[in-house]
Amino acid sequence: MIYSDFKGIKLSKLGMGNMRLPSLTGKKGEFPIDYPQAHQMIDLAIKNGVNYFDTAYVYQNGDSEKCVGEAMKRYPRESFYIATKFNYRANPDYKAVFKEQLERLQTDHIDFYLLHCMSERNIENLLSCGCIDFFEQMKKEGKITYFGFSSHAKPDTLRRFADAHKWDFAQIQMNYLDWEFGTTEQEYNILTERNIPIIVMESVRGGRLSSLTPELDAKLKKEQSTWSVSSWAFRWLMAHDNIIVMLSGMSDMDQVKDNLKTFENDNALNPDQMAFLKQITHDFKKGFTIPCTSCHYCTPNCPMNLDIPELLKIYNEYKYNRRWEDNLKDIEPDKKPSNCIGCGSCAEHCPQNIDIPEIMKKLAKLDESGSED
C-alpha cells in the first residue's frame, strides 16, 4: 500500500468508499447491507494497508455508517480513520445528526468530517445555518479531528465556499473523463491554489470507467496487459500531487483485490501514457451521454420506486451500441421508464444535474417505438 503524508499522519492513498456495499437484496448500494460480506471486504482492505474509510449519514439509508461502525469496533481505534458527512437536505438539525453518527459509528470522535455535497442548491444554508461554527466547536472538543467539505458545485461556487472558512481538506469528483470534458481541472486548481488537500470521489465515475467499450478496453489491455481498466483511472490520479486519498466505492471482493493490486506501488502514468489515455477518453466521449455515477440520491425520492441509475445505464448503453431491448426486458413492467410521472423529484436531488424526467421520456419512447425522437 502506498501512503500520503497529511498533517503528520499517514493516509492510505486508496480509501474505501462505503456507498455501494453489497446488500441483502442482491443489488449494490441498497438497504439493508449484507454485513458479513461487507465486513469481509473491509477486513481484506485493512489487512492490506487501507486505513481510510468513507461513509455518510445518507448512504444506504444510514445503514452504511452502522455497518462501518460494527466492522471497525473490532480494530484498535488509532489504526484507522473514519470519514463521514453532514447532509443538510437530509436533516438540517446538525447537532442531532452528529450525535446519531457517533452512535452509529460506535466511536467518540470522527477523524474526517465533511459538509456533504455542497452545491448551488445548499451553499446559502450551509453558510448561514450555524453548522460550521458547531463543527468547529466539535473539533476543539476533540470529537472531530479534521473538518472539510465535499463539492458538486460549479467552479465559482467552489471558489466562494473554499474562501469562506479555513478548511483542512476538500473532496471533489475527479477522474480523467471529467478533467477532459468537465470543470474538474478548474476545481483542482482552485483548491490547490489555496493549499487545500484533496480527497477524490468518483475516481472511476461510479464504475463507468471500469469498462469503457469492448474496443477501447482492448486497446488499454494491449497497452498494459496486466492492468485492469479501472487501474488506469487511479494511475491517472496518482500523477496529481495535491491528492491525498482516492476513494473507490467497492461492492465486492474482486473490486477490493483489484484496487489493492493497483495501489501496491506508486505507478502513476507517464507523459506518453497520459497522452494515450487522453485519446482513449476522446474516443469514449463520442458515445458517452448521461453522466450518472449511480449515487442513488435520486431513488429514495421517486414516488414510482424506479431504479433510475439502472435505467440511465440502459440509455447510455443504447447510445453506445444501439441495443436496448434485452436490457429493458429484464425490467419489471411497473419499473419501466414509461411509469415515470415526470414529477422532477429525482432531478432535484441529482448532484450531476441530469434532467432525468426528460431521459425517461426518451427511453420510454425508445421502448415503445424503437426511436427516441
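Above this text you will find the structure in question.
What counts as what
- The residue numbering used here restarts from 1 in each chain and proceeds along that chain's sequence as written.
- Local features in a predicted model are, by the rule used here, given only for residues with pLDDT of at least 70; side-chain atom pairs are given and counted only at 80 or more, and totals for whole chains, interfaces and linings are based on all residues.
- Values shown for side chains rest on all heavy atoms present in the structure; no hydrogens or waters enter the calculation.
- The axes are straight lines fitted to the C-alpha atoms, using for helices just the contacting stretch, and the angles between their N-to-C directions are given from 0 to 180°.
- Numbering goes from the N terminus for both helices and strands, where a helix is a DSSP run of H or I of at least four residues and a strand is a run of E of at least two.
- What sets the label is the angle itself: under 35 degrees gives roughly parallel, over 145 gives roughly antiparallel, 65 to 115 gives roughly perpendicular, and the rest give oblique.
- Note on convention: the crossing is left-handed when the near helix lies turned anticlockwise from the far helix by less than a right angle, right-handed when the turn is clockwise.
- Throughout, a contact is declared for two residues whenever any of their heavy atoms are within 4.5 Å.
- We call Asp, Glu, Lys and Arg charged. Ala, Val, Leu, Ile, Met, Phe, Trp, Tyr, Cys and Pro are nonpolar, and the rest, Gly among them, are polar.
- Strand pairing is assigned whenever DSSP detects at least two bridges linking the two strands.
- Only protein chains enter the accessibility calculation, which uses a 1.4 Å probe; a residue whose area is less than 20% of its type maximum is buried, one above 50% is exposed, and one in between is partly exposed.
- By convention, a crossover is right-handed whenever its connection, traced from the first strand over the helix to the second and viewed with the strands pointing away, goes clockwise.
- In protein, a polar contact means a hydrogen-donor-capable atom and an acceptor-capable atom, both N or O and within 3.5 Å, with residues adjacent in sequence counting only if both atoms are side-chain atoms; elsewhere, any N or O pair within 3.5 Å suffices.
- We define a nonpolar core as any set of buried Ala, Val, Leu, Ile, Met, Phe, Trp, Tyr and Cys residues linked to one another through side-chain atoms lying within 4.5 Å.

Caption draft 1: Summary view of the packing of helix 6 (residues 155-163) against helix 8 (residues 184-193). For the pair helix 6 and helix 8, interaxial distance at closest approach is 10 Å and the crossing angle is 15 degrees. With respect to helix 8, the element helix 6 is oriented roughly parallel. Like other packed secondary-structure pairs, helix 6 and helix 8 cross with a definite hand, here right-handed. Together, Pro 155, Leu 158, Arg 159 and Ala 162 of helix 6 and Gln 186, Glu 187, Ile 190 and Leu 191 of helix 8 make up the contact between the two elements. When grouped by side-chain class, the residues that make up the contact of helix 6 with helix 8 number five nonpolar, one polar and two charged.

Caption draft 2: View of the sheet that holds strand 9 (residues 198-201). Reading around the barrel, the eight strands line up as 3-4-5-6-7-8-9-10 and close back on themselves, with parallel pairing between neighbours. Within this sheet the neighbouring strands show an average axis-to-axis angle of 25 degrees, counted without direction. Across four bridges, the pairing between strand 7 (residues 144-151) and strand 8 (residues 169-173) is parallel. Across the sheet, Ser 150 pairs through a bridge with Gln 171, a residue of strand 8. Along the sheet, helix 10 (residues 229-237) makes contact with strand 9 and strand 10 (243-249), crossing strand 10 at roughly 165 degrees.

Caption draft 3: Molecular detail of the pairing of strand 5 (residues 81-86). Burial of strand 5 is extensive: six of the six residues sit out of reach of the surface. In strand 5, alternate side chains face the same way, and those of Tyr 81, Ala 83 and Lys 85 on one face and Ile 82, Thr 84 and Phe 86 on the other are all buried. For the crossover from strand 4 (residues 52-54) across helix 2 (residues 63-72) to strand 5, the handedness is right-handed. Assessed by its sense of winding, the connection that carries the chain from strand 5 through helix 3 (residues 94-105) to strand 6 (residues 110-118) is right-handed.

Caption draft 4: Local environment of the side chain of Asn 18. Mapped onto the elements of the fold, Asn 18 is located in the loop between strand 3 (14-17) and helix 1 (35-47). Separated by 3.1 Å, the side chain of Asn 18 and the backbone oxygen of Met 16 make a polar contact. Residue contacts for Asn 18: discarding those within four places in its chain leaves Ile 42, Phe 53, Asp 54, Thr 55, Tyr 59, Gln 60, Ser 64 and Val 68.

Caption draft 5: Focus on the nonpolar core. Membership of the largest hydrophobic core comes to 79 residues, with the highest contact counts inside it found for Leu 115 and Phe 135. Other than its neighbours up to four places away in sequence, Leu 115 contacts Phe 86, Cys 131, Ile 132, Phe 135, Phe 147, Gly 148, Phe 149, Ser 150, Phe 161 and Trp 167. If you look at the next biggest cluster of nonpolar residues, it comprises 21 residues, including Cys 292, Ile 314, Ile 354 and Leu 366.

Caption draft 6: Expanded view of unusual backbone geometry. Following Phe 31, the chain continues into Pro 32 via a peptide bond in cis, with omega recorded as 0 degrees. Tracing the backbone shows Pro 32 in the loop between strand 3 and helix 1. With a phi close to 55 degrees, Asn 305 is a non-glycine residue in the positive phi region. Structurally, Asn 305 can be placed in the loop between helix 12 (271-285) and helix 13 (308-321). Residue class for Asn 305 comes out exposed when judged on its relative accessible area of 53%.

Caption draft 7: Seen up close, the environment of Ile 199. Residue position: Ile 199 is located in strand 9. Separated by 84 residues in sequence, Ile 199 and Asp 283 have C-alpha atoms that sit 28 Å apart. For Ile 199, the residues in contact, after removing those within four places along its chain, are Tyr 52, Phe 112, Phe 169, Ala 170, Gln 171, Ile 172, Ile 244, Val 245 and Leu 247.

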